[in-house]
Amino acid sequence: MTTLNSQRINLLLGALPAQTYQRLATDLEPIQMPAGQVIYESGSELRYAYFPTTCIVSKIYVIADGASSELAIIGNEGFVGLSLVNIPRQSRGLYVVNRSKR
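It should be emphasised that the depicted structure is a prediction, and the values quoted were computed from it without experimental measurement.

Caption draft 1: Highlighting the confidence of the model for the chain. Taken over all residues, the pLDDT of the chain has a mean of 82, while the share at 70 or more is 79%. Confidence scores differ between elements of the chain, with strand 4 (residues 94-100) showing the lowest mean pLDDT of 70 and helix 1 (residues 11-14) the highest of 92.

In C-alpha cells, the structure reads:
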C-alpha cells in the first residue's frame, strides 16, 4: 500500500510547500486503485479528489451508441476531480483506472 510520504507521491502534492502539505495531509487517505475500477461515471456527483501515485486514470467519453474515446490520461503528475470546484459538482466523463502499478 502506498503511504503519503512514499517516494512515489503524487507530483502535485509533492510540489506543495511543507506547511501546506501538512495541513492537507490530515484529509488525505491512500487507497487501492486496481485496473478497471470506475472512479466516476458521467453525470455522477463528485465527492472526492484523487491524486494518483501508482496508477494511471483515463477520462473516457462515451456516446449514445456505445462508442468511446479517451480524452485524457492522468498519472502521478495530476489529479482527478477538478469539477469539485464547479457547481453542480458532476463528472463530465467516465474515469477508469486503466493501469495500476504494484
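There's more to say after this.
Caption draft 2: Seen up close, the nonpolar core. Ranked by size, the top nonpolar core spans ten residues in total: Met33, Ile39, Tyr40, Leu46, Tyr50, Cys55, Val57, Ile74, Val80 and Val97. Counting residues per element, the ones that place at least two in this core are strand 1 (38-40) and strand 2 (55-62).

Caption draft 3: Broad picture of the side chain of Ser58. For Ser58, the position within the fold is in strand 2. Owing to a relative accessible area of 1%, Ser58 belongs among the buried residues under this scheme. A distance of 2.4 Å separates the side chain of Ser58 from the side chain of Glu70, its partner in a polar contact.

Caption draft 4: A look at the packing of aromatic side chains. Under the criterion given, the structure shown has two aromatic pairs. An angle of 70° between the planes, with centres 5.8 Å apart, marks the rings of Tyr40 and Tyr50 as edge-to-face. In this pair, Tyr40 sits in strand 1 while Tyr50 sits in the loop between strand 1 and strand 2, placing the two residues ten residues apart along the sequence. For Tyr50, a relative accessible area of 16% gives the class buried. Between Phe51 and Phe79 the ring centres are 5.3 Å apart and the planes differ by 20°, which places this aromatic pair in the stacked class. Placement of Phe51 in the loop between strand 1 and strand 2 and of Phe79 in the loop between strand 3 (68-74) and strand 4 is noted, with a sequence separation of 28 residues between them. Residue class for Phe51 comes out partly exposed when judged on its relative accessible area of 29%.

Caption draft 5: Local environment of the side chain of Asn10. Position of Asn10 among the secondary structure elements: in the segment before helix 1. Judged by relative accessible area, which is 0%, Asn10 ranks as buried. Looking at Asn10, its side chain comes within polar contact range of the main-chain oxygen of Pro52, at 3.0 Å. There is a polar contact of 2.6 Å between the side chain of Asn10 and the backbone oxygen of Gly78. For Asn10, the contacting residues outside a window of four places in its chain are Phe51, Pro52, Thr53, Gly75, Asn76, Glu77 and Gly78.

Reading the values: the criteria
- Residues numbered from 1 in each chain as written.
- Predicted model: local features only at pLDDT ≥ 70, side-chain atom pairs only at ≥ 80, totals over all residues.
- Heavy atoms only, no water.
- pLDDT = per-residue confidence, 0-100.
- Helix = DSSP H or I, 4+ residues; strand = E, 2+ residues; numbered from the N terminus.
- Core = buried A, V, L, I, M, F, W, Y, C linked by side-chain atoms within 4.5 Å.
- Buried < 20%, exposed > 50% of the residue type's maximum accessible area, 1.4 Å probe, protein only.
- Polar contact = N/O pair within 3.5 Å; in protein donor to acceptor, adjacent residues only side chain to side chain.
- Phe/Tyr/Trp six-rings, centres within 6.5 Å; stacked < 30°, edge-to-face > 60°.
- Contact = heavy atoms within 4.5 Å.

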